[in-house]
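Observations on the model geometry
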Amino acid sequence: MTNIFTVQDRQNIFDFILLIAKECSKIVSLVQVGSGAIGYKDERSDLDFVIALDSNDSMLEVMDFVHQKISEKFDIVYFKQQENRHLQCYFLNNLLEIDIGFGCYEQAAAWKPDFKVIFDNSGVVEEKMIQSRQWMDNS
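Residues numbered from 1 in each chain as written. Predicted model: local features only at pLDDT ≥ 70, side-chain atom pairs only at ≥ 80, totals over all residues. Heavy atoms only, no water.

Observations regarding the nonpolar core
Ranked by internal contacts, the top residues of the largest apolar core, which has 29 residues, are Ile27, Ile51, Val66, Ile70, Ile98, Ile100 and Phe102. When residues of this core are traced back to their parent elements, those giving at least two are α1 (7-23), β1 (27-33), β2 (47-53), α2 (59-73), β4 (87-92) and β5 (97-104). The element that contributes the greatest number of residues to this core is α1, accounting for seven residues. When residues no more than four places from it in sequence are discounted, the contact partners of Ile70 are Phe16, Ile17, Ile20, Ile76, Tyr90 and Ile100. Grouped together as the second largest cluster of nonpolar side chains are eight residues, Ala52, Phe115, Val117 and Val125 included. (Core = buried A, V, L, I, M, F, W, Y, C linked by side-chain atoms within 4.5 Å. Buried < 20%, exposed > 50% of the residue type's maximum accessible area, 1.4 Å probe, protein only. Helix = DSSP H or I, 4+ residues; strand = E, 2+ residues; numbered from the N terminus. Contact = heavy atoms within 4.5 Å.)

Comments concerning the environment of Lys112
Along the chain, the position of Lys112 falls in the loop between β5 and β6 (115-120). Residue Lys112 is classed as exposed on the basis of its relative accessible area, which comes to 62%. A C-alpha to C-alpha distance of 25 Å links Lys112 and Leu19, two positions 93 residues apart in sequence.

Some points on unusual backbone geometry
Despite not being glycine, His86 has its phi angle at roughly 55°, a positive value. Classification of His86 as partly exposed rests on a relative accessible area of 30%. Here Leu95, not a glycine, exhibits a phi torsion of approximately 75°, which is positive. Topologically, Leu95 is positioned in the loop between β4 and β5.

Points about the sheet that holds β2
Judged by pairing direction, the sheet is mixed, and its six strands sit side by side in the order β3-β4-β5-β2-β1-β6 without closing on themselves. Each having just a single partner strand, β3 (76-82) and β6 make up the two edges of the open sheet. Each adjacent strand pair in this sheet contributes to an overall mean axis angle of 20°, direction not counted. Sheet topology note: the β4/β5 ladder contains five bridges and is antiparallel. Bridge pairing links Gln88 to Ile100 in β5. Where α1 meets the sheet, it contacts β1, β2, β4, β5 and β6, and its direction lies at approximately 160° from that of β1. (Pairing = 2+ DSSP bridges. Axes fitted to C-alpha atoms, helices over the stretch in contact; angles between N-to-C directions.)

Overview of the confidence of the model for the protein chain
Low pLDDT marks stretches whose predicted atomic positions should not be read closely. The share of residues in the protein chain with pLDDT of 70 or more is 97%, and the mean pLDDT across the chain is 93. Per-element mean pLDDT across the protein chain ranges from 85 in helix α3 (residues 125-138) up to 98 in β4. (pLDDT = per-residue confidence, 0-100.)

Focus on the pairing of β3
Bridge count between β3 and β4: six bridges; the pairing is antiparallel. Residue pairing across strands places Gln81 opposite Gln88, the latter belonging to β4. Between β3 and the antiparallel strand that follows it, β4, lie four residues; His86 among them carries a positive phi value of about 55°.

Some words on the layout of surface pockets
Taken as a whole, the largest pocket encloses approximately 680 Å³ of empty space. Along the wall of the largest pocket there are 28 residues; nearest its centre are Val33, Phe49, Val50, Ala109 and Trp111. Elements with a minimum of two residues in the lining of the largest pocket: β1, β2, β5 and α3. Of all the elements, β5 adds the most residues to the lining of the largest pocket, at six residues. Considering only residue class, the lining of the largest pocket consists of 18 nonpolar, five polar and five charged. (1 Å grid on protein atoms, 1.4 Å probe; cavity = no way out; pocket = protein on both sides within 12 Å on 5 of 7 lines; lining within 4 Å. Points joined across faces, edges and corners; volume = space filled by probe spheres on them. Nonpolar A, V, L, I, M, F, W, Y, C, P; charged D, E, K, R; others polar.)

See the structure below:
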């Protein structure tokens, strides 16, 4: 029987993703989206991120980097990469789901109001996301 992830497991995986995001020079910012950005709904909530890149030219390279790092560290029972949507979905053997979207920091936008900028080397991602929400709310 598979052990279901704990709150501490989820935090450890969050910390690992933050570490690898900071490790890659082509990653400008890490943003947590979904329920985790405002306080997890419950102890079984998943992890949702957006990784902002230095440019769209490095998209596949960064997606490969992230997948390699997560694959080396965790036992993945399901993985899907949708290059056209710039999205990776992981399902770990402890039943934790991780969804990671990718995009250029210059086009940073928040499709939903729940987001939290974890780090931002550009200094502009949070403002761009706030402006995009204001524009969408006013449209």
